[in-house]
Amino acid sequence: MIAMLLGERQFIPKEVKELFVRTGTMHILAISGLHVGVLAVTILWVLNISGAGIKGSNLITVCLLLAYALMIGPVPSVWRAVIMGVVMMLGYVFERKSGVRNSLGLALFLMLAADPGYFYQPGFILSFGCVASILYITPVTDRIFRRLPLGYLSKALSVSLAVWVGIFPLQMYYFGNITPSGILANLLAIPLASVILISGLCAMVLAAVFPPASNIFFMSGEGAGTALQMWLGYVSRIP
């Protein structure tokens, strides 16, 4: 849980880290758009139930996300997600439409304007590649899976396949391997990772206010972490 919340991979045993490598799920361990998204949704939920209002909640969340990005530092995936999130939340505040494609383009422009060296970082290329794959390839894979009566799994498989198709050339170039099992692994890995992140955030907040209640969230996060390792262990046995 600590590794996922803080991006500190030194807390992860070598054999566990190899599970993530073999299943193409190392992105879960890096502070990325998943972390920013969970953080933003959690903050918005807390502010909404506290009566801050929609516009007030979005403005406060914008400030907190920018502070979080500054604290993390020049991590491409974090800044990409934060810029896109800020644009979309400001759209709610000023009652203007904010398209995902335009937000992605703005993030690309601002980051390269701030530091053109980003263009040579694998993390930058992969981060934008994943989102672009979801936006432009998912409509194609949707047509394949929508015929299958699988409910949530149809959409999850569609997105997972789209991302894999979009970035496997980059993965071959940067890391010298491809992991088709990642299509299957991410179906459960991402939901379980979200549970771990939400539990961890709630546990940290409650630890400062009411420590006994934080144990419940720590236990749920640890349970999700165990389930994640078991799932990846199963998928990693696929040749």
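As the structure is a prediction and not an experimental result, all values here were calculated from the model.

Draft legend 1. Structural view of the nonpolar core. Membership of the largest hydrophobic core comes to 31 residues, with the highest contact counts inside it found for Val 36, Leu 65, Val 78, Val 82 and Met 111. Of all elements in the fold, only helix H3 (33-49), helix H4 (54-72), helix H5 (76-93), helix H6 (100-114), helix H7 (122-136) and helix H10 (181-209) reach the threshold of two or more residues within this core. Broken down by element, this core gets its largest block of residues, 8 residues, from H5. Sequence-distant contacts of Val 82, that is, excluding residues within four places in its chain, are made with Val 36, Leu 65, Leu 66 and Ala 69. Core analysis: the second largest hydrophobic core is formed by 17 residues, Leu 19, Ala 193, Ala 224 and Trp 231 among them.

Draft legend 2. Highlighting helix H2 (residues 14-22). Of the residues making up H2, those classed as buried are Val 16, Leu 19 and Phe 20. Projected down its long axis, H2 shows its buried positions confined to an angular sector of 95°, all on one face. The outward face of H2, more than 90 degrees from its buried face, is lined by the exposed residues Lys 14 and Glu 15. Summarising the contacts, the buried residues of H2 are in contact with helix H11 (211-235). One or two positions beyond H2, positive phi appears at Gly 24, with a value near 65°.

Draft legend 3. Spotlight on the packing of helix H8 (residues 138-145) against helix H9 (residues 152-175). With their axes 8 Å apart at the nearest point, H8 and H9 run at an angle of 140° to one another. It follows that H8 is oblique to H9 by the angle criterion. Handedness of the H8/H9 crossing: right-handed. Across the interface between the two elements, Thr 138, Thr 141, Asp 142 and Phe 145 from H8 touch Ser 154, Lys 155, Leu 157, Ser 158, Val 159, Leu 161 and Ala 162 from H9. In the contact of H8 with H9, the residues fall into 5 nonpolar, 4 polar and 2 charged.

Draft legend 4. Summary view of the side chain of Asn 186. With respect to the element layout, Asn 186 can be found in helix H10. Discounting residues that sit within four places of it in the chain, Asn 186 has contacts with Gly 24, Thr 25, His 27, Ser 160 and Pro 191.

Rules used in this analysis
- Residues numbered from 1 in each chain as written.
- Predicted model: local features only at pLDDT ≥ 70, side-chain atom pairs only at ≥ 80, totals over all residues.
- Heavy atoms only, no water.
- Core = buried A, V, L, I, M, F, W, Y, C linked by side-chain atoms within 4.5 Å.
- Buried < 20%, exposed > 50% of the residue type's maximum accessible area, 1.4 Å probe, protein only.
- Helix = DSSP H or I, 4+ residues; strand = E, 2+ residues; numbered from the N terminus.
- Contact = heavy atoms within 4.5 Å.
- Arc of directions from axis to C-beta.
- Axes fitted to C-alpha atoms, helices over the stretch in contact; angles between N-to-C directions.
- Parallel < 35°, antiparallel > 145°, perpendicular 65-115°, else oblique.
- Left-handed = near helix turned anticlockwise from the far one by under 90°.
- Nonpolar A, V, L, I, M, F, W, Y, C, P; charged D, E, K, R; others polar.

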